[in-house]
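Fold and contact review
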Amino acid sequence: MNWQKSLKSKILDSEPLSSHTTFRIGGPAEFFIRPRDIDDLERLLNSVKIYKMSFRVIGAGSNILISDRGLEGVTVSLNSPYFRNIHFRNNRVEVGAGKPLNQFIDNLKNRGLRGAEFLAGIPGTIGGALAMNAGITWKVTSQESGVRSIADLVETVTVMDYNGKIKNLDKKDIRFDYRSSGLSKYIILRCSLKLKKAKKKIIDKRIKEYLKVRKINQDYSHPSAGCVFKNPRGYSAGRLIDLCGLKGRRIGDAAISLKHANFIINLGNARASDVFKLMGLIRRTVKNKFGINLEPEIKIWK
Ligand code: EPU
């Protein structure tokens, strides 16, 4: 097709998306593209419009379940160096959407900037973390608990709309909520976050503490997409699923983790259809036992 010639970046045909998701599940992308810069992205959007193709941006693929049939149209990954840039200005950092969170946390530590340690161990990119307002549920005592998320640090987010227009959004204009944001109608390009100064040693200690808690509570034994369902207000989805006695239930190679019931793990060759069926079983069982509707946290791309 002609549109492919106008791009600086290479286009991969039928790229297996299982190599781009932490679940290791997903059929082929019709066209898989890593735009080199903003200009390339703009041209791509233009072609997408002209040829009426579907268009999706994939981050680290850590929170999605892609169908076994794969995706039609264009799948974009913003992991070229241009979209992974990072700039520091005193306590502020401007970082590209494609930056992996683990690298970002490390960069902040080396700069002596604290506040984002709670993101350590989340297998995503900055863009993905913003889109779904990634974070943690923390517990100080059994009475005192709360949610910390990337929105707490955000000052502005720079996005491109689907007409190629760039906008700078203030935090107050973005509807950040528990595991959601008002950013899904845009392509997230970069953001500016505000942090605090601290000694590298202290930051390092905090990162290690967060990683330790994650390792104790979560299942890293097999590929997964982290927590599958959102926590219903006042409840833990993991606990509800556990109380239904569903740990260890298996369909094909997809299984409910024995360690954390809100994790579905891929034992080897799990298909998206196995995971869908297991999710259906979980929802029905929890609904029957507790009358609670579990809402997926992971995004389902068909
Ligand atoms: N629990 C069980 N059985 C289980 C799992 C959990 O009884 O199989 C109990 C735990 O013992 C605990 C409570 O449920 O009393 C909550 O569990 P946990 O501390 O593991 O936290 P969570 O609410 O299940 C949330 C986030 C995680 C985040 C952790 C840590 C959601 C849906 N999940 O999990 O995020 O890492 O807190 O702060 O908000 C993710 O988004 O992918 C994710 C894993």
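The model shown is predicted, which means the values in this text are computed figures rather than measured ones.

Reading the values: the criteria
- Every chain's residues receive numbers from 1 upward, in the order its sequence appears when written.
- The predicted nature of this model means local features are confined to residues of pLDDT at least 70 and side-chain atom pairs, given and counted, to a pLDDT of 80 or more, with totals for whole chains, interfaces and linings taken over all residues.
- Values shown for side chains rest on all heavy atoms present in the structure; no hydrogens or waters enter the calculation.
- Think of it this way: any DSSP run of H or I at least four residues long counts as a helix, any run of E at least two long counts as a strand, and we number them from the N terminus.
- The buried label applies to any residue whose accessible area, calculated with a 1.4 Å probe on protein chains only, is under 20% of its type's maximum; exposed applies above 50%, and partly exposed to all values in between.
- What makes two residues a contact is simply this: any of their non-hydrogen atoms within 4.5 Å.
- Buried Ala, Val, Leu, Ile, Met, Phe, Trp, Tyr and Cys residues that are joined via side-chain atoms within 4.5 Å together make up what is termed a nonpolar core.
- A domain assignment, automatic or from a database, supplies the domain bounds used here.
- By definition, the buried area sums, over both parts, the 1.4 Å-probe accessible area that each loses when the two are put together.

1. Digging into the overall build of the protein chain
Helix and strand counts for the protein chain stand at six helices and 19 strands. With the C-alpha coordinates of the protein chain rotated into their principal frame, the extents come out at 55 × 50 × 30 Å. The buried share of the protein chain, taken over its 302 residues, is 49%. When contacts within the protein chain are restricted to residue pairs at least 6 apart in sequence, those whose partners lie at least 24 apart make up 64%.

2. Observations concerning the nonpolar core
By size, the foremost hydrophobic cluster in this structure holds 55 residues, and its most contacted members are V74, L130 and L183. When residues of this core are assigned to domains, at least three map to each of domain 1 (11-77) and domain 2 (82-216). Sequence-distant contacts of V74, defined by excluding residues within four places in its chain, comprise W3, F31, I33, L44, V48, M53, S54, F55 and R56. V228, V275, I282 and I292 belong to the second largest nonpolar core, which has 26 residues in total.

3. Brief notes about the environment of K172
Position of K172 relative to the elements: it lies in the loop between β12 (166-170) and β13 (187-194). Looking at K172, the relative accessible area reads 69%, which means it is exposed.

4. Structural notes on the domain arrangement of the protein chain
Segmentation of the protein chain into domains returns domain 1 (11-77), domain 2 (82-216) and domain 3 (219-301). Inter-centroid distance (C-alpha atoms) of domain 1 to domain 2 is 23 Å. Each partner contributes residues to the interface: domain 1 has 15 residues there, and domain 2 has 14 residues. Both faces considered, domain 1 and domain 2 share a buried interface measuring about 1200 Å² in area, 75% of it formed by carbon and sulfur atoms.

5. Let's talk about the environment of L294
In this fold, L294 is placed in the loop between α6 (272-290) and β19 (299-301). You can call L294 buried: its relative accessible area is 1%. Put simply, L294 and P16 are 278 residues apart on the chain and 30 Å apart in space, counted from C-alpha to C-alpha.

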